[in-house]
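Remarks on the overall topology
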Amino acid sequence: MPDTDLQHLPVMPGNRHRGIGICGAGSIVNAAHLPAYRKAGFRISAIFDLDGEKAARTAAAFEIPRVCATLEELIADREVDIVDIAVPAAQNLRLVEAVAGAGKDMLIQKPLAEDLETARRTVELIERAGVAAAVNHQMRWEPGVRATRTLIERGDLGEIFNIAFLVFVDTPWHMWEWLKRKATIDVLYHSIHYLDAIRFLCDEEPEWLFCGGATRPHYDAEGETRLCLHLGFSGELRATILTN
Ligand SMILES: NC(=O)c1ccc[n+]([C@@H]2O[C@H](COP(=O)([O-])OP(=O)(O)OC[C@H]3O[C@@H](n4cnc5c(N)ncnc54)[C@H](O)[C@@H]3O)[C@@H](O)[C@H]2O)c1
């Protein structure tokens with residue numbers, strides 16, 4: 001009898017009552033986090049955004065009981081066990097420091113940081129505080145990606161020597177005005193999902209890579225919005241990301 005369980009679904013936590021405090025009431029929180037939490041039956045206790053009106057609108061739309069006026073208020077709320085940080089990444093270090101200092105667990109939107117040094121400092125803060133933290137790399141939780149990993153692990157696909165993500169989409173970059181002045185755009189804010197999915201599928205880190213980027217013609221941005229990335233792993237395993 002063939003094993004048909006592809007283990008494509010995540011194992012949900014037994015306790016869905018821990019309170020979540022949302023930091024950031026932007027497009028991803030409204031379009032993805034809160035609808036997903038509602039579907040999963042998670043409990044949202046409070047929300048904070050620098051723009052109080054946005055926080056209030058989101059709270060009304062998702063029946064969040066408390067809108068906090070400051071980050072400190074959100075973190076101090078006894079009903080908040082986990083803080084969900086979903087703001088532009090340049091803010092993450094400061095927010096993580098505050099949440100970790102209060103001994104609370106957290107989910108941090110990708111990218112964790114915009115440079116390696118800051119990413120390392122962020123991880124050190126979390127480890128020193130002994131709290132649980134995850135970066136929101138949701139692609140590794142997608143059923144297709146999880147099922148593929150199961151097939152790879154079982155050897156059903158034979159020897160894997162190439163993984164490719166070829167993405168031809170019209171990304172609405174204009175939605176994120178703050179992204180335009182970043183030195184790197186696609187690799188940190190888009191292709192990072194494919195990078196993480198590849199690491200998850202291979203279960204190893206690349207040994208080398210080369211990368212070339214370009215911007216969409218006539219697009220007013222400093223960093224790249226199109227990318228070609230090639231990763232080399234041990235032996236003959238390679239991975240390619242092409243976004244356009
Ligand atoms: N995982 C994904 O697929 C995915 C998709 C889109 C965005 N994101 C990430 O989510 C984050 C937010 O993106 P978005 O699309 O919601 O952006 P957005 O511009 O729509 O919203 C950002 C919100 O954060 C608020 N904010 C900024 N600094 C803050 C601070 N210090 N404290 C509290 N609030 C603050 C802003 O007022 C704004 O409401 C980014 O890091 C982005 O990379 C991830």
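Computed from a prediction, not measured in an experiment: that's the story for all the values here.

**Quick word on the pattern of salt bridges**
- Taken as a whole and assessed by the stated rule, the structure comprises 16 salt bridges.
- Two residues, Arg154 and Asp156, come together in a salt bridge whose shortest N-O distance is 2.9 Å.
- Among the salt bridges present, the one from Arg199 reaches Asp196, with a minimum N-O distance of 3.1 Å. Here Asp196 and Arg199 lie together in helix H8 (residues 192-202), a separation of 3 residues that amounts to about one turn.
- Counted as one network, the salt bridges with shared partners bring together Arg140, Asp196, Arg199 and Glu205.

**Looking at the side chain of Ser45**
- Along the chain, the position of Ser45 falls in strand E2 (residues 43-48).
- By relative accessible area, which is 5% here, Ser45 ends up buried.
- When residues no more than four places from it in sequence are discounted, the contact partners of Ser45 are Gly19, Ile20, Ile64, Pro65, Arg66, Glu79 and Val80.

**Considering the site of the ligand**
- In the vicinity of the ligand there are 24 residues, among which Ser27, Asp49, Lys54, Gln138 and Trp176 approach most closely.
- Within the side chain of Trp176, one N or O atom sits 2.7 Å away from an oxygen atom of the ligand.
- Protein chains shield 88% of the accessible area of the ligand, which is 860 Å² for the free molecule.
- Of the residues in the shell around the ligand, the class split is 13 nonpolar, 7 polar and 4 charged.
- Mapped onto the domain boundaries, the shell around the ligand takes at least three residues apiece from domain 1 (19-136) and domain 2 (140-243).

**Looking at a negative patch on the surface**
- On the surface, Asp115, Glu117, Glu124 and Glu127 cluster together to form a negatively charged patch.
- For Glu117, the location among the structural elements is in helix H5 (residues 116-129).

**Focus: the packing of aromatic side chains**
- Here the structure, examined in full by the defined rule, presents 5 aromatic pairs.
- Geometrically, the ring pair formed by Tyr37 and Phe42 is tilted, given 5.9 Å between the ring centres and 40° between the ring planes.
- The partly exposed category is assigned to Phe42, whose relative accessible area is 25%.
- Positioned above the aromatic ring of Phe200, the side-chain terminus of Arg149 is 4.5 Å from the ring centre.

**Focus: the environment of His17**
- Tracing the sequence through the fold places His17 in the segment before strand E1 (19-23).
- Taking the C-alpha atoms as reference points, His17 and Gly41, separated by 24 residues in sequence, lie 8.5 Å from one another.

**Re the sheet that holds E2**
- If you trace the 6 strands from one edge of the open sheet to the other, you get E3-E2-E1-E4-E5-E6, paired in parallel fashion. Looking at the sheet topology across the chains shown, the edges are occupied by strand E3 (66-67) and strand E6 (133-136).
- Looking at chain direction, strand E5 (residues 105-109) and E6 are connected through 4 bridges and run parallel. Paired with Met106 across the strands is Ala133, a residue of E6.
- Against the sheet, helix H2 (residues 52-62) touches E2 and E3, its axis set at about 160° to E2.

**Quick look at the packing of helix H4 (residues 92-101) against H5**
- With their axes 9 Å apart at the nearest point, H4 and H5 run at an angle of 5° to one another. On the basis of the axis angle, H4 is roughly parallel to H5. Between H4 and H5, the residues in contact are Leu93, Val96, Glu97 and Ala100 and Thr118, Arg121, Thr122, Leu125, Ile126 and Ala129, respectively.
- A breakdown of the residues in the contact of H4 with H5 according to their chemical character gives 6 nonpolar, 2 polar and 2 charged.

**A closer look at the domain arrangement of the protein**
- Taken domain by domain, the protein holds domain 1 (19-136) and domain 2 (140-243).
- Here the C-alpha centroids of domain 1 and domain 2 sit 25 Å apart.
- The interface is formed by 9 residues belonging to domain 1 together with 8 residues belonging to domain 2.
- Carbon and sulfur atoms make up 61% of the surface buried where domain 1 meets domain 2, a total of about 670 Å² over both sides.
- Considering only the side of domain 1, the residues that lose the most area to domain 2 are Lys110, Pro111 and Glu114, jointly responsible for 63% of the buried surface there.
- For the pair domain 1 and domain 2, the interface holds 1 salt bridge.
- In this structure, Glu114 and Lys182 form a salt bridge, with 3.0 Å as the shortest nitrogen-oxygen distance.
- Taken together, the links from domain 1 to domain 2 amount to 3 residue pairs in polar contact (both at pLDDT 80 or more).
- In terms of residue class, the side of domain 1 that touches domain 2 is built from 5 nonpolar, 2 polar and 2 charged.

Conventions and cut-offs
- Residues numbered from 1 in each chain as written.
- Predicted model: local features only at pLDDT ≥ 70, side-chain atom pairs only at ≥ 80, totals over all residues.
- Heavy atoms only, no water.
- Salt bridge = Lys/Arg side-chain N within 4 Å of Asp/Glu carboxyl O.
- Helix = DSSP H or I, 4+ residues; strand = E, 2+ residues; numbered from the N terminus.
- Buried < 20%, exposed > 50% of the residue type's maximum accessible area, 1.4 Å probe, protein only.
- Contact = heavy atoms within 4.5 Å.
- Near = heavy atom within 4 Å.
- Polar contact = N/O pair within 3.5 Å; in protein donor to acceptor, adjacent residues only side chain to side chain.
- Areas by Shrake-Rupley, 256 points an atom, 1.4 Å probe, with all protein chains shown as cover.
- Nonpolar A, V, L, I, M, F, W, Y, C, P; charged D, E, K, R; others polar.
- Domains from an automatic or database assignment.
- Patch = residues over 30% accessible without salt bridge, like charges linked within 9 Å, V, L, I, M, F, W, Y side chains within 5 Å.
- Lys, Arg positive; Asp, Glu negative; His and termini not counted.
- Charge placed at Lys NZ, Arg CZ, Asp CG, Glu CD.
- Phe/Tyr/Trp six-rings, centres within 6.5 Å; stacked < 30°, edge-to-face > 60°.
- Lys NZ or Arg CZ within 6 Å of the ring centre and 35° of its normal.
- Pairing = 2+ DSSP bridges.
- Axes fitted to C-alpha atoms, helices over the stretch in contact; angles between N-to-C directions.
- Parallel < 35°, antiparallel > 145°, perpendicular 65-115°, else oblique.
- Buried area = accessible area lost by both parts, 1.4 Å probe.

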